[in-house]
Amino acid sequence: MFLCQAIQPCYIFLHSFPPILSFTLSKEQQSVANTQNKVVDVPDQTAISQKLPCTFSSSELLIYFLQQEKAANMKENVASATVFTLLLFLNTCLLNGQLPPGKPEIFKCRSPNKETFTCWWRPGTDGGLPTNYSLTYHREGETLMHECPDYITGGPNSCHFGKQYTSMWRTYIMMVNATNQMGSSFSDELYVDVTYIVQPDPPLELAVEVKQPEDRKPYLWIKWSPPTLIDLKTGWFTLLYEIRLKPEKAAEWEIHFAGQQTEFKILSLHPGQKYLVQVRCKPDHGYWSAWSPVTFIQIPSDFTMNDTTVWISVAVLSAVICLIIVWAVALKGYSMVTCIFPPVPGPKIKGFDAHLLEKGKSEELLSALGCQDFPPTSDYEDLLVEYLEVDDSEDQHLMSVHSKEHPSQGMKPTYLDPDTDSGRGSCDSPSLLSEKCEEPQANPSTFYDPEVIEKPENPETTHTWDPQCISMEGKIPYFHAGGSKCSTWPLPQPSQHNPRSSYHNITDVCELAVGPAGAPATLLNEAGKDALKSSQTIKSREEGKATQQREVESFHSETDQDTPWLLPQEKTPFGSAKPLDYVEIHKVNKDGALSLLPKQRENSGKPKKPGTPENSKEYAKVSGVMDNNILVLVPDPHAKNVACFEESAKEAPPSLEQNQAEKALANFTATSSKCRLQLGGLDYLDPACFTHSFH
Amino acid sequence: MNIKGSPWKGSLLLLLVSNLLLCHSVAPLPICPGGAARCQVTLGDLFDRAVVLSHYIHNLSSEMFSEFDKRYTHGRGFITKAINSCHTSSLATPEDKEQAQQINQKDFLSLIVSILRSWNEPLYHLVTEVRGMQEAPEAILSKAVEIEEQTKRLLEGMELIVSQVHPETKENEIYPVWSGLPSLQMADEESRLSAYYNLLHCLRRDSHKIDNYLKLLKCRIIHNNNC
């Protein structure tokens, strides 16, 4: 009896009884010999297995059996009969595709709403026979096996789990079994938790519309609705959306995240283009859905952006404004700059040899400058400063301002600037207005506002002289501070076109003192004047005249702080010989102001012998002091004053130090009564006397 | 001053009444000044904050699990041993929408609080053990620390919500106890990795549960099932 089994992969078992020892399988053109097979000795049976090359198919095999020699001939007939049976059997066994099914594989499980889920498998190789698939599963914590409740809803090769079969937060262990006639095979176990396989369907009803409200910018209005079967209302499911759009021809999509809202506005669009719009969604924890089908929208050509119009107009306006500013700056640049950054007055002395300064030989430098007895010692300065104490508040202010400057300038009076660069007005210049001023002002109380003096940025307003200060011979000049233009002031340097504030300083005085030889100016204060006086005494008679003049000036400054400064009529430029102008006191009005007349030009460039007073010197006698700061003058024809002056002048020259000033002052004080000279009806005052009285 | 005089009485009464009225008209503070048990933060704000925290905690847990799996246990079938390994499985938590809608609000809140409380200790030990590892993975450690911190805050917020919604609730301190510490400290690497895998797997699941429950409750309580 033969029993043949054909099992993959192409094994053939041959069971025979009585046992056979070997067999040969052959078919056309091939033959396999079993001479080396293992013989399995089964009691009463012989089972022989032989691996067939799998090309043996559908063709008949002829099995020749070699029976044991012991087998009798009588069994040959039986054997051949069984062979035929076997052959038939083999035929069916080795037919194409009739194999057990291949191993399936579950490749995907998805839940669209956390209430149901579906799993899909991939069948293995087909055994050629109709195969049944079944999915079996059990859940975490259960031992009972279940079978898939729904094979249809999900399509072929799927298993759909309905609501009642779906549990969250619980692992499903599932397996697919494929069976056919030949056998079955099982897939690997798959562990699935519905929590982590959530992927919704795409959103529905995507609507896109171009909206153009009247008073606002146009925009694209995109609206959609969530996919069906998702429960958002109870909060079981939470959806987040995302849209994307692009012009038809563009390569990249423009993606916008929309959160949980189901509508969206797009503002920046290209007019006249056709846009593609899509939307998708995802759960709070899970996978993104597929993109919805594309929706097309045509943007109208008049989809203007109002923004651009506004920006263009803004740009044009700002350009115009910039142009205007630039033009204004260009026109008035200098004045604006000086308004913002007033020029710092720097020491600049004409004829100042910087090289000498570098050498450090101050004596040479000073001598070059022509100023002797400079710099004054500190004691001298202190002494000079004393005279700055004044009673009147205004005067104090005036004087204090000057006093402030004096120390700084007094340090190196030789380096002071006789120029107008030092911030003084043109009326400051040594060239006094006396010749050029018209009638005296009725109110001499106007005086320089020191602040005005120190604002060089306003050159036009530094014409602080009255228009009346136009020089006219024979007229009494009145020197007023503040508020009047003095364009008739001859400027000390032709280069200086800006009149300076009317500010006296010693520099002017010094020049006068030095005389036509020129001298560096010193501060115009009592101290300076005194210094000049001392220096004057060294000089010639002409210089003495200058001293007188300055004395007058200082008297003015002292006696009546309201009185205008007496400016030297002419500022002596360094090194040049210009005649000095003197002023003569014409009269003193009730306010104590001195009215001055320009003196005749008597002085010449010739240096006079020092110590020789000019006969033309005139002095006025102070009859009294009013209000502590007003000197009442009386013409005093005493000639002693001349002598007095001469004395002081004589005594001054030997000393080049500040002590001279002290001596001079002392002398003046001693001879106060004599310090009134009168000459030719014109009155001069020796202010030194009165300064001391103030002191 | 005779207080007992009727004009004084009347004015005092008037003052008292006006004070009471003014007090009632004061709007509740938008922010709770720290530490008050009964605070006047609106319930909606409390729920919003709780949902934000729970969402954040689940994101962190998910990332932490993914990193751990990728690095140590991928493809080695640890999932098979993670079945039934969560200490919170003893709690009767709803597993689908219908069950969740059937449970009543008070029990639901207590359930959430229990789950949160039961995770205090495991999180603490997780941080300690990961920190004590040689070559402690920084990404995992930092996330564990953050999760521990945020879970504490969420628990506080939940207790506030409970005190507002159900002020009469007695403090019920019963919660599932975690006893997995010895397995975290085992010498055998395979067992130890399995213990960590289980812990992180359960954490990921429970944080998702809490997040989903809170979103359900928020829509139910604040928006009346009309989110």
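Residues numbered from 1 in each chain as written. Chains lettered and ligands numbered in written order. Predicted model: local features only at pLDDT ≥ 70, side-chain atom pairs only at ≥ 80, totals over all residues. Heavy atoms only, no water.

Within an unreviewed UniProt entry, the label attached to chain B reads Prolactin, and the organism entered is Pan troglodytes. Checking UniProt for chain B, the heading Subcellular location (unreviewed entry) contains the comment "Secreted". (UniProt positions renumbered as here; feature names shortened; annotations may be inferred.)

Chemist: Could you give me a rundown of the interface of chain B and chain A, with the residues and numbers involved?
Modeler: Every contact between the two is made by 28 residues of chain B and, on the other side, 25 residues of chain A. Counting each side, the surface lost to burial between chain B and chain A is near 2500 Å², with a carbon and sulfur contribution of 51%. Considering only the surface of chain B that becomes buried against chain A, E95, K97 and R205 of chain B emerge as the three largest contributors, covering 27% of it. Where chain B packs against chain A, one counts six salt bridges. One salt bridge in this structure joins D231 of chain A and K97 of chain B, with 2.6 Å as the shortest N-O distance. (Contact = heavy atoms within 4.5 Å. Buried area = accessible area lost by both parts, 1.4 Å probe. Salt bridge = Lys/Arg side-chain N within 4 Å of Asp/Glu carboxyl O.)

Chemist: Please set out unusual backbone geometry residue by residue, giving values where relevant.
Modeler: Although it is not a glycine, N157 of chain A sits at a positive phi angle of roughly 55 degrees. Mapped onto the elements of the fold, N157 of chain A is located in the loop between β11 (146–147) and β12 (158–161). (Helix = DSSP H or I, 4+ residues; strand = E, 2+ residues; numbered from the N terminus.)

Chemist: Kindly report on the layout of surface pockets, identifying the contributing residues and their values.
Modeler: When its volume is computed, the largest pocket comes out at roughly 680 Å³. Together, 29 residues line the largest pocket, and L190, Y191 and V192 of chain A together with I79 and R204 of chain B are the ones closest to its centre. The set of elements that each furnish at least two residues to the lining of the largest pocket consists of β8 (105–110) and β15 (190–193) of chain A together with α2 (43–73) and α8 (189–221) of chain B. In terms of residue class, the lining of the largest pocket is built from 13 nonpolar, eight polar and eight charged. (1 Å grid on protein atoms, 1.4 Å probe; cavity = no way out; pocket = protein on both sides within 12 Å on 5 of 7 lines; lining within 4 Å. Points joined across faces, edges and corners; volume = space filled by probe spheres on them. Nonpolar A, V, L, I, M, F, W, Y, C, P; charged D, E, K, R; others polar.)

Chemist: Summarise the UniProt feature "binding site: Zn(2+)" (unreviewed entry) in chain B; cite the residues concerned and give the values.
Modeler: UniProt feature "binding site: Zn(2+)" (unreviewed entry): in the numbering of this structure it lies at H55 and D211 of chain B. Taken along the chain, the residues just named run across 157 residues; in space they keep tight, none of their C-alpha pairs more than 5.7 Å apart. Take H55 of chain B: it is sitting in helix α2. For H55 of chain B, the contacting residues outside a window of four places in its chain are D284 and H285 of chain A together with D211 and K215 of chain B. The class of D211 of chain B is buried, set by a relative accessible area of 1%. Ignoring anything within four residues of it in the chain, the contact list for D211 of chain B reads D284 and H285 of chain A together with V51, S54 and H55 of chain B. (Buried < 20%, exposed > 50% of the residue type's maximum accessible area, 1.4 Å probe, protein only.)

Chemist: Explain the packing of helix α4 (residues 105–118) of chain B against helix α6 (residues 138–165) of chain B to me, and be specific about the residues and the numbers.
Modeler: Residue and element names in this part refer to chain B. Relative to each other, α4 and α6 sit at 155 degrees, their axes nearing to 10 Å. Regarding the angle of α4 to α6, the classification is roughly antiparallel. In the crossing of α4 with α6, the sense of the turn from one axis to the other is left-handed. Contacts between α4 and α6 involve Q105, L109, I112, V113, L116 and R117 from the former and T151, L154, L155, M158, E159, I161, V162 and V165 from the latter. (Axes fitted to C-alpha atoms, helices over the stretch in contact; angles between N-to-C directions. Parallel < 35°, antiparallel > 145°, perpendicular 65-115°, else oblique. Left-handed = near helix turned anticlockwise from the far one by under 90°.)

Chemist: For a nonpolar patch on the surface, give the residues involved together with the corresponding values.
Modeler: Residue and element names in this part refer to chain A. Together, L317, I321, I325, V329 and M336 make up an exposed nonpolar region whose accessible area comes to about 440 Å². The element that contributes the greatest number of residues to the nonpolar patch is helix α2 (residues 306–331), accounting for four residues. By the secondary structure assignment, L317 is in helix α2. We classify L317 as exposed; its relative accessible area is 54%. (Patch = residues over 30% accessible without salt bridge, like charges linked within 9 Å, V, L, I, M, F, W, Y side chains within 5 Å. Areas by Shrake-Rupley, 256 points an atom, 1.4 Å probe, with all protein chains shown as cover.)

Chemist: Help me get a handle on the state of the cysteines, residues and values and all.
Modeler: Residues and elements named next belong to chain A. Going through the model one piece at a time under the given rule, you end up with four disulfides over all chains. Between the sulfur atoms of C109 and its disulfide partner C119 the distance amounts to 1.9 Å. Judged by the sign of its S-S torsion, about 110 degrees, the bond between C109 and C119 is right-handed. Placement of C109 in strand β8 and of C119 in strand β9 (residues 117–122) is noted, with a sequence separation of 10 residues between them. (Disulfide = S-S within 2.5 Å.)

Chemist: How would you summarise the sheet that holds β12 of chain A if you had to cite specific residues and measurements?
Modeler: All names here are of chain A. Strand order across the open sheet formed by three strands is β8-β9-β12, with antiparallel pairing between neighbours. Looking at which strands have only one partner, the edges of the open sheet turn out to be β8 and β12. Pairs of neighbouring strands in the sheet enclose a mean axial angle of 20 degrees, with direction left out of account. Note that β8 and β9 share five bridges and pair antiparallel. Looking across to β9, one finds that I106 is bridged to W121. (Pairing = 2+ DSSP bridges.)

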